[in-house]
Amino acid sequence: MQTRSEVAPLEPRTLPNPGIGQCMIGEEETNLVNQVMKSGLIFRYYGLKPEDRPALADTFEREFCEMMGVKYGLAVTSGTAALECALAALGVGPGDEVIVPVWSWISCVSSIVRVGGTPVLADVDESMTIPASEIERLATDKTKAVLLVHFQGVACDLDAIMEVCRSRGILVLEDCASSVGASHKGRRIGSIADIGIYSFQFMKVMTSGEGGMVVTNDPKLYERAVRMHDVGQVRPAHAAHIEPTEISFFGSNYRMTELTAAVGLAQLRKLDSMIAKTRHSYHRLAEKVCHLPGVSERTMADPEGNLGIEMYLRLPTAEHADKVTAELKRLGIPCAQRTGTYAQYAREYIVKRQAHHPEASPFKDVKDWPAPGYRREDFPRLNDIVPRCVVLPIGVLYTDEDIDFIAAGFQRAHALAGVG
Ligand SMILES: Cc1ncc(COP(=O)(O)O)c(C=O)c1O
C-alpha cells in the first residue's frame, strides 16, 4: 500500500449538486405552470365552465407513452400510488405471493401488502437487481406476479426473467421509479413486461415534486389501473382510449393535478438531453476507474441502456470500501448512494410484521417470526455485495472537469486503501 505522502496530493473541492431533473428546473417548467394558473384549470378533468377542457395531464400521458413506446399511460400522484394501481390492475390480492427484490424501497414491499398480497423477498446479484434464478427458486403455485426493480438507471435481465415468468404464467410489473428513460436492448423499460411504473419524486431522474405514471399495452390492465386511481371510475378522458369493459371496484384517489402535470411535461421534454449528459459522464468516468486492480463495475444485462446516473463499484473487502469512501468524502465527493434503498428484511414493518391493522398483515398466522426468507441470513449475496460497494455520483451539472476530479479522487483513495 502506498503511504499518504507517496500518493499524489489532491485538494477537496465543492462539486455541483449531484441531482438530475431537480437541477434542470427552469423557464420551461415555469411557463407551463403559469399557463395552467392563467387558465385557472388546475383539476385535470374539468373547470368552472362546461366548455373548459384541461389538457396538460392528457398531453403528459400522451408524450410519455410516445417516448417509452407504449400504448397506455396513466399519470398518478406518486410512484407508490402507481405501484398500488399496477398491482390492483394485475389483480393481486389475498393469498397471492409477489416476488420482490430485498434491495428495494419501502413502497415496493408495502404496496403489495396494501393490496392484500404477500411479499416474497428475493436476493439480488452483482447487477443490484433480481436475477431470473431467484424467481425460479422462489416461485410457488401461489406466485401471482414479480415486481422487478430496475435499480438506479440499470435494467434487470429482462430476457431471462420474462422467459421464466412466461413459462410459469407469472405476471411481471416493472418498477422503473429510479430508472425513468433507461432501456433494455433498444426498448425503453416499463414497456416490456405486463405493466410498468415510474416515479417523479424530487430525487428521481425527472421530477414533478411528487408524481408517478403507470404504463401498459393491455387495455384491460389500463382500465383497472384507471379505476384504482379514481375511486373505481373511468372518466371520459380515459374512456377516449379504451372501451370500458371491466367491473368497477373500490379504488382510491391518486389523480394527478394539472400543475403537477405541467412540471412533469416540461421535465419529460428534457429527459433525453439529461440522459445524454449523464451517459457521457459515466463513460468518461468508467474509462478512468473501472480497469483499476481489484475494482469491478456493477454487472448489467445491457450496458448500452444504462442511464449513467450513479456508478456502483465493488472492491475486494468492506474495509477497502470504507477506506475509499472516507477519502472520497474528505475530498468533497458525495459518494453515499442517492436512493433510499435498503435491505427490506431489516425494516421495522417486516421485523414487526406490521400492517395498519393486525388482521391485515399477510404474516399474521406465521408461528415463528422472522420466518425463513425474512431474515438477514437468507440474503447472502446482498450482504456480501453491498458492504463492498462504493457509489460514485454523476450529476447532470457535472462538467468533464468535475468527472476527472472524481476519477482522480477515486484513484487516490484506491491507492491509499491498498486495493488490488
Ligand atoms: C424502486 C422504487 N419504487 C417506488 C418508489 C416510490 O416512489 P414515490 O416516492 O414517488 O412514491 C421509489 C421511491 O424512491 C423507488 O425507489
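Residues numbered from 1 in each chain as written. Predicted model: local features only at pLDDT ≥ 70, side-chain atom pairs only at ≥ 80, totals over all residues. Heavy atoms only, no water.

Let's talk about the domain arrangement of the protein
Taken as a whole, the protein is organised into domain 1 (27–268) and domain 2 (271–341 + 380–417). Centre-to-centre, using C-alpha coordinates, domain 1 lies 29 Å away from domain 2. The partner domain 2 presents 28 residues to the 36 residues of domain 1 that form the contact. Between domain 1 and domain 2 the total buried area reaches about 2,700 Å² when both faces are included, carbon and sulfur atoms providing 61% of it. Sorting the residues of domain 1 by area buried against domain 2 places Trp103, Glu126 and Gln152 first, and these three jointly supply 25% of that buried surface. The interface formed by domain 1 and domain 2 includes 2 salt bridges. Glutamate 126 is the salt-bridge partner of arginine 381, the closest N and O atoms lying 3.5 Å from each other. (Domains from an automatic or database assignment. Contact = heavy atoms within 4.5 Å. Buried area = accessible area lost by both parts, 1.4 Å probe. Salt bridge = Lys/Arg side-chain N within 4 Å of Asp/Glu carboxyl O.)

Remarks on the sheet that holds strand S12 (residues 310–314)
As summarised here, the arrangement of the 3 strands in space is S11-S12-S14, forming an open sheet in which the pairing is antiparallel. Edge strands, defined here as strands with exactly one partner in the open sheet, are strand S11 (296–297) and strand S14 (389–393). (Pairing = 2+ DSSP bridges. Helix = DSSP H or I, 4+ residues; strand = E, 2+ residues; numbered from the N terminus.)

Some words on the site of the ligand
Taken together, 14 residues lie around the ligand, and Gly79, Thr80, Asp175, Ser199 and Lys204 are the ones closest in. Here an oxygen atom of the ligand and a side-chain polar atom of lysine 204 are 2.7 Å apart. Counting residues per element, the ones that place at least two in the shell around the ligand are helix H3 (79–90) and helix H4 (106–114). Top contributing element to the shell around the ligand by residue count: H3, with 3 residues. Classifying every residue of the shell around the ligand by side-chain character gives 5 nonpolar, 7 polar and 2 charged. (Near = heavy atom within 4 Å. Polar contact = N/O pair within 3.5 Å; in protein donor to acceptor, adjacent residues only side chain to side chain. Nonpolar A, V, L, I, M, F, W, Y, C, P; charged D, E, K, R; others polar.)

A closer look at the environment of alanine 55
You can see alanine 55 is positioned in the loop between helix H1 (27–39) and helix H2 (56–68). The exposure class of alanine 55 is partly exposed, given its relative accessible area of 37%. A sequence separation of 295 residues divides alanine 55 from isoleucine 350, and the C-alpha atoms of the two residues are 42 Å apart. (Buried < 20%, exposed > 50% of the residue type's maximum accessible area, 1.4 Å probe, protein only.)

With respect to the sheet that holds strand S2 (residues 97–101)
Sheet strands line up and pair through hydrogen bonds in the backbone, either parallel or antiparallel. The 7 strands lie next to each other as S1-S10-S9-S6-S5-S2-S4, forming an open sheet whose pairing is mixed. Each edge of the open sheet carries a strand with a single partner, namely strand S1 (72–76) and strand S4 (118–122). Between one strand and the next, the sheet's axes are offset by a mean angle of 20°, whatever the strand orientation. Bridging between S1 and strand S10 (residues 212–216) involves 5 bridges; their strand directions are antiparallel. Bridging from a neighbouring strand, alanine 75 pairs with methionine 213 of S10. H2 contacts S1, strand S9 (195–199) and S10 of the sheet and is inclined by roughly 130° relative to S1. (Axes fitted to C-alpha atoms, helices over the stretch in contact; angles between N-to-C directions.)

Describing the pattern of salt bridges
For the structure on display, the rule yields 31 salt bridges. A salt bridge links arginine 114 to glutamate 84, with the nearest nitrogen and oxygen atoms 3.7 Å apart. One end of the pair, arginine 114, is in helix H4; the other, glutamate 84, is in helix H3, and 30 residues separate them in sequence. Judged by its relative accessible area of 53%, arginine 114 falls in the exposed class. Overall, glutamate 84 belongs to the buried group, its relative accessible area being 8%. Arginine 388 is paired through a salt bridge with aspartate 384; the nearest N and O atoms lie 2.9 Å apart. Since its relative accessible area comes to 16%, arginine 388 is described here as buried. Where salt bridges share partners, they join Arg44, Arg53, Asp58 and Glu61 into one cluster.

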